[in-house]
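The chain contents come next:
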Amino acid sequence: MKKDHVKELRGDLKQFHEMTRKFYRGELTVPEYKSISGGFGSYAQRGGQRSMLRLRLTGGEIRKEELRFIIDSIQKYQIDRVHLTTCQSLQFHDLHEDDVCTLMEEAFDYGIVTRGGGGDFPRNVMCSPLSGVEREECFDVLPYAEETTDYVLGLIHQVKLPRKLKISFENGIKNDTHATFRDMGFVADRDGTFIVYVAGGLGPQPKMGVKVAEKVEPSKVLYYVKAMVDMFTEYGEYEKRGASRSRFLQNTLGMEGIQRIFTEKLEQNLARGGLDVDVRTDSVEKTGEGEISDVRVIKQKQPGLHAVYYHPYGGNPEPAFFVRLYDVIKDMDEVKVRITPEHGMYIINLTAQEAEKVLIITGDGARTMFDRSLACIGASTCQVGIGKSQELLLACLEQVKKENFPDGVLPKIHISGCPSSCSAYQIGVLSFRGGKKPTPDGPKFAFTLYENGSDQYGEEQFGTDVAVILEEDIPRFLVALGREVAGKGMTYEQFRREYPGRLKEIAQEYS
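All values reported here derive from a predicted model rather than from experimental measurement. (Residues numbered from 1 in each chain as written. Predicted model: local features only at pLDDT ≥ 70, side-chain atom pairs only at ≥ 80, totals over all residues. Heavy atoms only, no water.)

## Looking at the overall build of the protein
Step number 1: The secondary structure content of the protein amounts to 15 helices and 19 strands.
Step number 2: Relative to its length of 511 residues, the protein is compact, with a C-alpha radius of gyration of 22 Å against a globular reference of 24 Å.
Step number 3: Each principal axis of the C-alpha distribution contributes one length, and for the protein these read about 65 × 60 × 50 Å.
Step number 4: Evaluated residue by residue, the protein yields a buried proportion of 59% over its 511 residues.
Step number 5: In the protein, the share of contacts with a sequence separation of at least 24, taken over all contacts with a separation of at least 6, comes to 68%.
Step number 6: Within the structure as shown, the protein displays about 21,300 Å² of accessible surface, and the carbon and sulfur contribution to it stands at 46%.
Step number 7: Charge-centre separation for the protein: the mean point of 67 positive side chains lies 4 Å from the mean point of 75 negative side chains. (Helix = DSSP H or I, 4+ residues; strand = E, 2+ residues; numbered from the N terminus. Rg over C-alpha atoms; globule rule 2.2 N^0.38 Å. Buried < 20%, exposed > 50% of the residue type's maximum accessible area, 1.4 Å probe, protein only. Contact = heavy atoms within 4.5 Å. Areas by Shrake-Rupley, 256 points an atom, 1.4 Å probe, with all protein chains shown as cover. Lys, Arg positive; Asp, Glu negative; His and termini not counted. Charge placed at Lys NZ, Arg CZ, Asp CG, Glu CD.)

This is how it looks when you write it as C-alpha cells:
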C-alpha cells in the first residue's frame, strides 16, 4: 500500500477510538456505532460486549511478514476465534474494547488496512486465489487488483458512495470471485484483455452483472473503475438504504441505460487521462523436483511447484494453526498464503517435499466436497443474523460423517443466517437461508432450501427456493438425501440431473 494512503488513513483512527469508547460506555446505540465502526472494518458483536475486526488483504494474499503479524496479534491479545470470509478477508473475533483499537493501529504498521473493510466504501478487492500460478489461466490479474486497491483507498476521503462497492478480478477460469455478478468485475480473456461487468450482486433481489466493455487493455483498468464510481455516485440511491446497492441501477436505468452512461463516463475519464497503470508481474524464480499426489494438491504452472488447499471447517481455523503454518513455511522461498472466497486457503509455491510438510499440518481440514461447505458467522455473533449458521453447519457435518458417504454424494452447501450474501447462498448447488417459520408451538428457527445455483462461467444462475425446513430437521434431511443418492450409486450432480424433481419431494417430507 502506498505510504501516503497509510498516513492519510491512519489519521482517521482517532475517530474510531473515540466512538468505540463512547459505545462501550453506553453513550451510543448499536446502530449508531455500526454506522461509524463499519467504515473501519469493525463491528460490535451480538450483545454489544465484544468486537470483531476485519483485515483487508488484497486478493486474500498473506505474505510471511503479515502472517507474523497475525500470529503476534493472536498471542498478544489471546484471540481464540478467527474467521475467513467470502471476500478473502480475515476476521478476529471476541475482541475487548481496548484491544480492537490498539490492534487496528498496529495493523497499519504492517500495511494491513482495516479502513473501508465495512461501511459505505470500496471493499477488499478480490482476485482469483491461484492467480499467477494456475495452469491454463489467461494471465496473472493480481497486479491489477493491487493497483485498484491503491486507487480506491485514495477515494475514501474524496467520494461519498451510496453503499459499498465490491470489485473483483478473475484470471479467466472458474469465476471464484463472482466477477460476472459483482458491483464490478474484470474477467481476463485469452487475448490478454479484460471483459468488464458492472451493477451485479447477491443479497436481496440478486442480479447478474451487465457487460459494459470487452477488449479492455489492462493498463486502462482504473479508467473503468472511475467510470463505475462516477456512475454509482451520480445515479445511485442515497435515501432508501435497501435499494442503494449498485445492482438496483438495473431497475432505475435499465441495462441499456447502464451501458450508455458507463460508456459516457469512461470516455470523459479517458479524455482527462492520468490513470494508466504499468504493472510488473512478480515472476516465481523458484523451481522444484519430485512428484506428489493428493486430493488437496494442485500442480502449478511453474515447473515442479505445487499449491496445497486447506479448508478449516466453517472457515474457522484454530488460532494455533497460524503458528504451525508459519513455523513450517518461514524458511521456504517465495511461499505465500491465499485466502479463497469459499472460506479456505491455498499455500502456494511449494516443492513436492515442502508440500508434504504442509499437508501434514493441514490434515485436520476438509477432504470431501461436503466437508468444504460454507456458513456465514451466524446469529450467535452477527447483529443482523437470524439463523445460527455455524452451529447448523457443524450439526450437519457431524450427522453426515456417521454415514460415511462416498465423496460427491452430497455437494458443498452454502448456509446463510439471513437474506444477506455472506455465504453466497444464491449460487450454491444446495443452499440454506435463515429465518423463522410459524408452527403450532409458535415461531421456530428455520431455513429456506435453495437448489441449482451456479457461479461458473456461461452457467451462472441463482438458485430457486424449494422448501422451508426447521433448523432441527436439516441434518436428518441431508442424511435422507445422501442415502437416496448413494443408493443409486450416483454423485449428487448426476442425481439432480437425472431426477430433477426428487429433491423437492424429499424436502417436503421435512417441511
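## Describing the layout of surface pockets
Step number 1: Its volume calculated, the second largest pocket comes out at about 970 Å³.
Step number 2: If you go around the second largest pocket, you meet 42 residues; those closest to its centre are Glu342, Met369, Lys412, Asp455 and Gln456.
Step number 3: Of all the elements, helix α14 (residues 492-498) adds the most residues to the lining of the second largest pocket, at four residues.
Step number 4: For the lining of the second largest pocket, the residue count by class is 14 nonpolar, 15 polar and 13 charged. (1 Å grid on protein atoms, 1.4 Å probe; cavity = no way out; pocket = protein on both sides within 12 Å on 5 of 7 lines; lining within 4 Å. Points joined across faces, edges and corners; volume = space filled by probe spheres on them. Nonpolar A, V, L, I, M, F, W, Y, C, P; charged D, E, K, R; others polar.)

## Details of the pattern of salt bridges
Step number 1: Summed over all chains, the structure comprises 32 salt bridges.
Step number 2: One salt bridge in this structure joins Arg10 and Glu105, with 3.2 Å as the shortest N-O distance. Of the two residues, Arg10 sits in helix α1 (residues 3-10) while Glu105 sits in helix α5 (residues 97-109), which places them 95 residues apart along the sequence.
Step number 3: The exposure class of Glu105 is partly exposed, given its relative accessible area of 27%.
Step number 4: Across the salt bridge formed by Arg367 and Asp294, the nearest N and O atoms sit 3.7 Å from each other. With Arg367 in the loop between α11 (352-361) and β15 (374-375) and Asp294 in the loop between α9 (254-272) and β11 (297-299), this pair connects stretches of sequence that are 73 residues apart.
Step number 5: Through salt bridges with shared partners, a single ionic network connects Glu61, Arg63, Glu146, Lys336 and Arg338. (Salt bridge = Lys/Arg side-chain N within 4 Å of Asp/Glu carboxyl O.)

## Regarding helix α12 (residues 389-401)
Step number 1: For α12, which comprises 13 residues, the first-to-last C-alpha distance of 18 Å matches the rise-based estimate of 18 Å (1.5 Å per residue) to within 8%.
Step number 2: Buried within α12 we find Ser389, Gln390, Leu392, Leu393, Cys396, Leu397 and Val400. Along the long axis of α12, the arc covered by the buried residues comes to 160 degrees, so they all point the same way.
Step number 3: The secondary structure elements touched by the buried residues of α12 are β4 (82-84), β15, β16 (413-416), β18 (444-451) and α13 (474-487). (Expected span 1.5 Å × (residues − 1). Arc of directions from axis to C-beta.)

## Considerations on the packing of aromatic side chains
Step number 1: A full pass over the atoms with the stated rule returns 20 aromatic pairs.
Step number 2: Ring centres of Phe16 and Phe40 lie 5.4 Å apart, and the angle between their planes is 40 degrees; on these two criteria the pair is classed as tilted. Remark: Phe40 occurs in the loop between α3 (30-37) and β1 (42-44) and Phe16 occurs in helix α2 (residues 13-24); sequence separation between them is 24 residues.
Step number 3: Taking relative accessible area as the criterion, Phe16 reaches 0% and is therefore assigned buried.
Step number 4: Taken together, Phe139, Tyr144, Phe169, Phe186 and Phe194 form an aromatic cluster joined through their ring pairs.
Step number 5: The ring of Tyr326 carries the charged tip of Arg68 above its face, separated from the ring centre by 4.9 Å.
Step number 6: Cation over ring: Lys488 sits above Tyr499, and NZ or CZ is 4.6 Å from the ring centre. (Phe/Tyr/Trp six-rings, centres within 6.5 Å; stacked < 30°, edge-to-face > 60°. Lys NZ or Arg CZ within 6 Å of the ring centre and 35° of its normal.)

## Considerations on the sheet that holds strand β5 (residues 90-95)
Step number 1: The strand order across the open sheet formed by four strands is β1-β2-β5-β4, and the pairing between neighbours is antiparallel. In the strand order of this sheet, the two ends are held by β1 and β4, each with one partner. Across the sheet, the mean angle separating the axes of adjacent strands is 20 degrees when strand polarity is ignored.
Step number 2: Here three bridges tie β4 to β5, and the two strands are oriented antiparallel to one another. The residue of β5 that forms the bridge with His83 is Gln91. (Pairing = 2+ DSSP bridges. Axes fitted to C-alpha atoms, helices over the stretch in contact; angles between N-to-C directions.)

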